[in-house]
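Structural description and commentary
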Amino acid sequence: MASLRSVLIGLLAVAVVMTSCVACASNPAAGGVSSAAPVPSVIEPPGSWPAGLTPELQAAAVAVLAAFDNYSRVVIATQQSPTGIDGDPNQPWEPEIRKYLADPAADAVVEDTESLASGGVHVVMPMRYWDAPVTAVTANSATVVACVELGAVAAAGSHHRPVSIPVTDVPRQAATFGLRPYPEKGWLVDEENPSESPVPC
């Protein structure tokens, strides 16, 4: 099942198809995206973890929350400036993505970033992550369940023309993220799984 991030990319792809002919007719040479502003923490409020954890697992939960915050930052940054870091095609996103994600999630984000870049669209009002607690954690794996807001997302195409995004039926949906610790990298998001059916949150 596609992640909510991939669902958003799909909606943007539909929007690009709907608007590309108009953009091409008005300016055949249109292209490029603006430089992305630094991405602050996009998780509100800060996450929590289950009661009764050992001190070691509490420390792991803190590291997991930091890793998820890094994941959310880089995902949103790729959507805001998909052609490259700060809009520079000579600074591709993949090495940065792989600092914070492992496969299969990393492959999916790289593919979606390339899809946005090739479509000439970027996000100007990103999705938001609300209430992202650690719901389970061991020494080898962890789960974060976040409330992801898609309803306020706004995007633009060539020369910053607004892109109309199809309305989603459930603007805030719960999604589950899997993380694991990797040697020399720490905790990374490696799985993005929405609920079996959209669950409002």
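Everything below is about the structure printed above this text.
Small disclaimer: the values here were computed from a predicted structure and weren't measured.

Another point: the nonpolar core. One broad rule of soluble globular proteins: the nonpolar side chains tend to lie buried together. In terms of nonpolar packing, the biggest core is built from 41 residues, with F68, Y129 and F177 touching the most fellow members. Secondary structure elements with two or more residues in this core: α2 (55-80), α4 (105-119), β4 (134-137), β5 (142-149), β8 (172-182) and β9 (186-194). When residues in this core are grouped by element, the largest group, eleven residues, is from α2.

A few words now on the state of the cysteines. Summed over all chains, the structure comprises one disulfide. Residue pairing for C147: its cysteine sulfur links by disulfide to C201, the two sulfurs lying 2.0 Å apart. Between C147 and C201, the S-S dihedral sits near 85°, and the bridge is therefore right-handed. A residue pair is termed long-range when its members are at least 10 positions apart, and C147 in strand β5 and C201 in the segment after β9 qualify at 54 residues.

Right, let's get into unusual backbone geometry. With an omega dihedral of 10°, the bond running from D103 to P104 counts as a cis peptide bond. As for its placement among the helices and strands, P104 is situated in the loop between α3 (94-100) and α4. Despite not being glycine, D86 has its phi angle at roughly 60°, a positive value. Within the secondary structure, D86 is located in the loop between α2 and α3. Given the relative accessible area of 47%, D86 is considered partly exposed. Notably, D131 is not glycine yet its phi reads approximately 50°, a positive angle. Within the element layout of this structure, D131 appears in the loop between β3 (128-130) and β4.

What counts as what
- Residues numbered from 1 in each chain as written.
- Predicted model: local features only at pLDDT ≥ 70, side-chain atom pairs only at ≥ 80, totals over all residues.
- Heavy atoms only, no water.
- Core = buried A, V, L, I, M, F, W, Y, C linked by side-chain atoms within 4.5 Å.
- Buried < 20%, exposed > 50% of the residue type's maximum accessible area, 1.4 Å probe, protein only.
- Helix = DSSP H or I, 4+ residues; strand = E, 2+ residues; numbered from the N terminus.
- Disulfide = S-S within 2.5 Å.

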